[in-house]
Structure formats: C-alpha cells, structure tokens
Amino acid sequence: MTDILPSYVSGSWWTPDDTTDAATVTDASTGEVLTRVSTSGLDLDAALDYARTVGQASLGSLTFHQRAVLLKQMAQVLTDRKAELYEISSRTGATKADSWVDIDGGIGVLFTYSSKGRRELPNTVVYPDGPVESLSKDGSFLGRHIYTRLPGVAVQINAFNFPVWGFLEKFAPAFLAGVPTLVKPATPTGYLTEAVVRILLDSGLVPDGTLSLVSGSVPNLLDSLQLGDLVAFTGSASTAESLRSHENVRVGGVRFTTETDSINASILGTDAMPGTPEFDAYVKQLVAEMTSKTGQKCTSIRRALVPRDLVAPLIDAVRTRITERVVLGDPRADGVTMGPLVSLGQRDEVLRQVAKLVDAGGRIVVGSTDPPNARLADGSTRVAEEGAFLEPLLLHFEDGNADAVHTVEAFGPVSSVIGYDSIPDVVRLVTLGGGSLVTSLATHDPAVATEIMTGIAAMNGRVLLLDRDDARSSTGHGSPVPHLVHGGPGRAGGGEELGGIRAVLHHMQRTAIQGSPDMLTAITGIWHQGAAANPTGGHPFRKSLAELRLGDQVLSAERTITLEDISHFAEFTGDTFYAHTDEEAAAANPFFPGRVAHGYLLVSWAAGLFVDPEPGPVLANYGLENLRFVTPVSPGDSIRVALTAKQITPRETDEYGEVRWDAVISNQNDELVASYDVLTLVAKEQRNS
C-alpha cells in the first residue's frame, strides 16, 4: 500500500504535493500504519466539471440496457478479485463473515441492478412513468410523465463501516440512471474503497469521467455543487443536519438524501416463549447483530424489547450464546468470529456512549468494558492494547422510559434490553426512538404481528417479521437488500436508497410532457394511439428487429360469432359460466344483454385473425398484459383486430429482442371490445430458411 492514498479525479490518479496535514490510518487489530490520507491542493471544481461534461457524455451515449450490461461485467471482475479484497478488508477489523456482507453484498448489488435494468427498464434513455392521459376529445393531444437523467454528479459521502457495499449500493443505481459518481469514502477504511475503484478502472469497463474518488476530507464539498447535482450521505445525524442546511441544498436545488444512525429495535412477541423457535431465532439474531461488523452497522439492534417477564431468560440466553459462539480477536487468526472496532478512536467513542447509558440507568449484564483478551494473528491470546478490541455488551434498563436508551447510540457491539407490558406499550417504546431504519419482530401469531406492524410501520423504513417459517431463509434484521428500500424517517435521516428501480429514479427528473401522439411516440420510443401507423408495408411478423418500426400494423378481416361457437367453446374448455350458457340468467345480469362470447374466445380468435403462421423472425409469444374486456359480444356480432408494433426492445446480450404489440379488438359498430398488449420475442436479423 502506498504512503499516501491517491484520489482519482479528472480522469487520472492524483496525490498531493504537500502531505504535512495527512491523516494516519492504521490496522484495526495491530495498530500498524497502513497509509496516510490528504486532499491538500485537490481541485474539486475541476473534478466535478470533468464528471459533468466528460462523464455525462460517456453515459449519455449508452442506453439503460447497455449500462446494465456494464454493471454485470464490473460485478464479474470484482468477483474474480475477491481474494485480495478480503485480505485488505481484514485490516479494517472485518472477519471473513463481515467481509462477505460488505464485499459480496456490494457485488450482489451490481448484479441485481444489472438484472433489474434489463428486465424493468426500456432499452432507451427515457423512462415512461404511468399511463397516458388523453387531454382532448379527438385524441390529438396527450400527456404523460417521463424520467430523464439529472445533468450533474452523484456525490457519495460514505461511512467507514461498509467501504465496499456503501460505495456500490449508491454507484449502481446512479450509473444505471446515467449519472456520474464522485465517491468520498470515510478515512479509516477508504483504502478498501480505493482498491475497488482501482480494480474497476483497470478493467476498462468504466466509461471515462463516470467514476471519481476523493480520498480524504473535503470540508467545503457542497460549496462546489449546483442544480443538477445530488448528494447521498451516510453517517451521523448531526453531520447530515449540517449538510442539509447548506445554502446549495436549501435554495440551490442540490438534491440531498441521507441515511443516518438510528436506535433500531427488535421485538420479542408475547407468544415467543423460551423453547419456541421464535425465541431461539430472536436470540440468534440479536447476538448476530451485536457482533457482525462488531456492531458497527447503522441497522444494528440497539434496543431489545421483550415481555417484562422474559427479560431474565433473554439475558441468560444471550450470555450463553455469546460465551459459546463469540471469539474476539484479529480476523486473520483461526476461529475468530468478531474483530476489533475500526480504530482506537472509535473504541473510545463507543465506551464514552456506554458510560452515558450506564449513567442513565443501564446496567451491564453481559460483557465488560475492561480491556479484553483477544486472539491474535500469531495464535496467542492476550490483552492487545494496540488493537481496538471490545467485548459484546448487553445492558438492561429497568426503566424503559429512560431517555438515553432511546437517543444514545454506542456504535459498536452494544445493545440494551427493555421490558414491555403490552402491545400498545411496545409500540410506544419503538416510537420513542424517533424513527428507525429497521425494526424486527419475532412472533408466530398473525394477530400480534398485525397489531404491532400497523403501530410501528410509520416509524420505520423496514420491518422484518421473523418466525419458524422464515428463520432459516431470512436475510436478517441488519441486512438491507437491493430490491427493497433502505432508509427511514426522523432520526434515520428521512431518505431512501435502494428499493429496486426506485433508486434509479432518484437520479432522474420526472417531467410531464404534453403533445400529439406522434411527438410522444418519438420522445418515449412507445407508439401511442393516434400516432402514424403503417398497415401497408407487409405483415410485421415477417420483419426482424432490424426491419421492424414503431407503428407497423396489421388490420384484420372480420369474423362473425355464432351461438354454436360460444356453446362449443364452453363445452370444449369447461368454462360453462352462466353468461355464456344460460340466456335467461345472462339477461338478468346488469352487464350482459343475454348470452355472450367468452372473453378468452375473442382473444383466441383475435390471434387467429392477426397471426402470420409461417416460420420467421417472430420466435415466441410470451404473454399478454393489461387485458381489459369492455363491450360484450353477442351471437351475430363481428369482431376485427388492429395489431400495432408498440415498443421494440433489443436485448444487448441475445440474438433476439422483445416486441410489445398494441392489440385492439373492435366490433361491427367500431366499439372497443377489448384491448391488451401482446408480448413476443423476435430475432434481431432474418433467420435463414
């Protein structure tokens, strides 16, 4: 590792000439000096300008799907280099299990957003949002919402506890949206983020200007931001509030989202008695959250809320599990399951917060604040004063109303047990935390789960329900997944990250557009009713993706429905619903004039009217969406269908793509009978016969 940890800005690696103010970073277990960090002389304005110009141009030339493919390739490169990242991670105090959460978890976010980007976003640069709104009687003036990418830079300010996951979970959705990222990791573990950034840049997969790294403190970072930029901050609530009050955020239009520390709770349900699977799962989860990453997680359990008569059994069970399962020491030593805190300074800060909890009435019932014995890399076990070691600490508050237990966070292997008397009481205790990232609930009683859930949901970004049915498969209290929102109200910061495509849209602007069907078709890449259509250019099923155009259309002949057709379909399929088989009962129904054709009969006949049966570029029909039956069809009525190429989506990694067709079935009076989307897979090029 180099003496000074470099930054990567304006397209090249950079180190300061003046290092007199450089901060020293040490190994969490041994105290060995690893690197120094400084940003003295860094031209932040130039770095941001490079990202806004070169980076924006690089990403703007790519579609959502092309960016998604790059994310997958980046994930594969990092997967191939995991061993060296694990070795670096051990210097932060992370065990192999901790590193798995951080490194593999971060890589998993890249894979997830790659998959979601290709499955849930169009292969364009504009994301349509919601249905079309008709704004005129004749359909010549329409409106809808679209998302387009922000023109600035996504600035990450990350905490020390997840130097890989914290970076990648913000980078992936920003990259997919088409917005360059500037990441500023926390100094104590920034060297691991630097290693990940270097691997990505060396791979050649990162388009120029789309990823910048600032290693070290930038006190006036927000001074350089402007409308179109956004900040995603993870850290303390006090720092978040200071940043949120910056003029460029308050009045300058810089978007700001934050995820901060919170006093998360875990509730043991009133039915989860000792000996039940729920009690055992609760204890296992509580100890895991106290010791995973040495409790240095914004999602860790800080308040264990249990029925008052179960406080003593819970404490005994936690003590037993810690004694039997937790081995404190250097992560590089065999058998170690919990490492040190990230630094001596962080250990001392945790002890100061523990002292506040004790002064407020908390009694330490498991563990000790004395310097502990730790297993070292050489295999010996002793008190290692050079390492930031601390035993897991469980406190008990007899008075659950003590303010400190709901407001003071010891950001380490520390949790407090509080007894509750009723479900309304435990809901009240959760609420005293002022807003949390997550609360978990162990219960097998749906009534208990429903009452507690409805009481606490508004105070949490996420609620995990734990019972015997999901205990083995649950991702756990403290593990956000990229599919679901990570964030929370109040003290938790009020922001949102992840949540699938929601996080991508955070990096985009929603705009209402109004115009003619032709204009909306051109802008969105989706054919709109009333836009130009081409029914004379040959059957579109004979066209490959390279030849097919939006608006290519089939206008079918008519087919008349007879009573015999309806009866045959009912008998053949077994669908003998009275509206199709009983004239008197059907006529008594307020929706039907008498016996009517099955909706699925009409859809089946429509396929027969528009299909071109010979082998060709159309490979398969893989579904219908948005099917609605509007006007009943009686015996003697006729139907016809208009099928129009609505959306064309080539797949970046396959020899075929998806075509969405607009299908409209009408009757002899030009009344709408049914509408739906037909989904097909179509070859990119003509296939040889």
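Residues numbered from 1 in each chain as written. Predicted model: local features only at pLDDT ≥ 70, side-chain atom pairs only at ≥ 80, totals over all residues. Heavy atoms only, no water.

1. Observations regarding the overall build of the protein
A count of helices and strands for the protein gives 20 helices and 29 strands. For the protein, the residues scored as buried account for 55% of the 689 residues in total. For the protein, the computed accessible surface area is about 28400 Å², with 51% contributed by carbon and sulfur atoms. Across the protein, the centroid of the 55 positively charged side chains sits 2 Å from that of the 83 negatively charged ones. (Helix = DSSP H or I, 4+ residues; strand = E, 2+ residues; numbered from the N terminus. Buried < 20%, exposed > 50% of the residue type's maximum accessible area, 1.4 Å probe, protein only. Areas by Shrake-Rupley, 256 points an atom, 1.4 Å probe, with all protein chains shown as cover. Lys, Arg positive; Asp, Glu negative; His and termini not counted. Charge placed at Lys NZ, Arg CZ, Asp CG, Glu CD.)

2. Brief notes about helix H6 (residues 190-202)
In this model, H6 (13 residues) spans 18 Å end to end at C-alpha, consistent with the 18 Å of a helix rising 1.5 Å per residue. The buried count for H6 comes to eleven of 13 residues, which makes it a mostly enclosed element. Where H6 is concerned, the buried positions are Gly-190, Tyr-191, Leu-192, Thr-193, Glu-194, Ala-195, Val-196, Val-197, Ile-199, Leu-200 and Leu-201. Looking one or two residues beyond H6, the residue adopting positive phi is Gly-204, at roughly 80°. (Expected span 1.5 Å × (residues − 1).)

3. Concerning helix H5 (residues 165-177)
Between its first and last C-alpha, H5 extends 19 Å over 13 residues, near the 18 Å set by a 1.5 Å rise per residue. Of all 13 residues that make up H5, 13 are buried, and the element is covered over most of its length. At the exit of H5 stands Gly-178, carrying a positive phi of roughly 100°.

4. Topic: the packing of helix H3 (residues 82-90) against helix H4 (residues 96-120)
It is at 10 Å that the axes of H3 and H4 come closest, and there the two elements cross at 130°. As summarised for this structure, H3 and H4 are arranged oblique, according to the angle between their axes. Between H3 and H4 the crossing geometry is right-handed. For the pair H3 and H4, contact is made by Lys-82, Leu-85, Tyr-86 and Ser-89 and by Lys-96, Ser-99, Trp-100, Ile-103, Asp-104 and Ile-107, respectively. Its residues assigned to classes, the contact of H3 with H4 shows five nonpolar, two polar and three charged. (Axes fitted to C-alpha atoms, helices over the stretch in contact; angles between N-to-C directions. Parallel < 35°, antiparallel > 145°, perpendicular 65-115°, else oblique. Left-handed = near helix turned anticlockwise from the far one by under 90°. Contact = heavy atoms within 4.5 Å. Nonpolar A, V, L, I, M, F, W, Y, C, P; charged D, E, K, R; others polar.)

5. What about the environment of Asn-621?
Inspection of the secondary structure assignment puts Asn-621 in strand E26 (residues 618-629). Judged by relative accessible area, which is 52%, Asn-621 ranks as exposed. In this structure, the C-alpha to C-alpha distance between Asn-621 and Val-659, residues 38 residues apart in sequence, is 9.6 Å. Within the structure, Asn-621 has its side chain in polar contact with the backbone nitrogen of Gly-623 (distance 2.9 Å). (Polar contact = N/O pair within 3.5 Å; in protein donor to acceptor, adjacent residues only side chain to side chain.)

6. Overview of unusual backbone geometry
Positive phi is not limited to glycine here, since Asn-626 has a value of about 60°. Positive phi is not limited to glycine here, since Asp-670 has a value of about 65°. Looking at where Asp-670 falls in the secondary structure, it is placed in the loop between strand E28 (656-667) and strand E29 (672-683). Residue Asp-670 is classed as exposed on the basis of its relative accessible area, which comes to 58%.

7. Examining the packing of aromatic side chains
Within a pair of aromatic rings, the relevant descriptors are the distance that separates the centres and the angle that separates the planes. As enumerated under the stated definition, the model contains ten aromatic pairs in all. Measuring from ring centre to ring centre gives 5.0 Å for Tyr-8 and Trp-13, while their planes differ by 70°; the resulting arrangement is edge-to-face. For Tyr-8, a relative accessible area of 13% gives the class buried. Using a relative accessible area of 29% as the deciding quantity, one classes Trp-13 as partly exposed. Residues Phe-167 and Phe-171 carry aromatic rings whose centres are separated by 5.7 Å and whose planes lie at 45° to one another, so their mutual orientation is tilted. With Phe-167 and Phe-171 both in helix H5 and four residues apart, the pair spans about one turn of that helix. The burial state of Phe-167 is the same as that of Phe-171; both residues are buried. By way of ring pairs, the aromatic residues Phe-167, Phe-171 and Phe-175 are connected into one cluster. The ring of Phe-64 carries Arg-67 above its face, with NZ or CZ at 5.4 Å from the centroid. (Phe/Tyr/Trp six-rings, centres within 6.5 Å; stacked < 30°, edge-to-face > 60°. Lys NZ or Arg CZ within 6 Å of the ring centre and 35° of its normal.)

8. A closer look at the pattern of salt bridges
Within the structure shown, the criterion is met by 33 salt bridges. Between Asp-261 and Arg-491 there is a salt bridge, and its shortest N-O distance comes to 3.9 Å. Separated by 230 residues along the polypeptide, Asp-261 in the loop between strand E11 (255-260) and strand E12 (265-268) and Arg-491 in the loop between strand E21 (485-487) and strand E22 (496-498) bring together distant segments of the chain. Asp-261 gets classed as buried once you look at its relative accessible area, which sits at 16%. Take Arg-491: its relative accessible area is 23%, and that puts it in the partly exposed class. Taking the shortest distance from any N to any O, the salt bridge between Arg-660 and Asp-677 comes out at 2.9 Å. With Arg-660 in strand E28 and Asp-677 in strand E29, the pair connects residues that are 17 residues apart, well separated along the chain. On the accessibility criterion, Asp-677 (4% relative accessible area) is buried. One network of salt bridges, with partners in common, ties together Glu-625, Lys-646, Arg-660 and Asp-677. (Salt bridge = Lys/Arg side-chain N within 4 Å of Asp/Glu carboxyl O.)

9. Examining the pairing of E29
The element E29 is extensively covered by neighbouring structure, given that ten of its twelve residues are classed as buried. Sheet topology places E26 next to E29; eight bridges connect them, and they run antiparallel. The residue of E29 that forms the bridge with Leu-624 is Val-678. Summarising the sheet, E28 and E29 pair through eleven bridges and their orientation is antiparallel. Residue pairing across strands places Arg-660 opposite Leu-679, the latter belonging to E29. (Pairing = 2+ DSSP bridges.)

10. Describing the sheet that holds strand E14 (residues 362-366)
Taken in spatial order, the seven strands make up an open sheet running E14-E17-E18-E13-E12-E19-E20, and their pairing is mixed. Two strands in the sheet have a free side with no partner beyond their single neighbour: E14 and strand E20 (460-466). For this sheet, the mean angle separating the axes of adjacent strands, direction not counted, is 25°. Of the pairings in the sheet, the one linking strand E17 (residues 393-397) to strand E18 (residues 414-420) comprises five bridges and is parallel in character. Bridge pairing in E18 links Leu-394 to Ser-415. Against the sheet, helix H14 (residues 446-456) makes contact with E12, strand E19 (436-442) and E20, and its axis sits at roughly 170° relative to E19, the strand it touches most.

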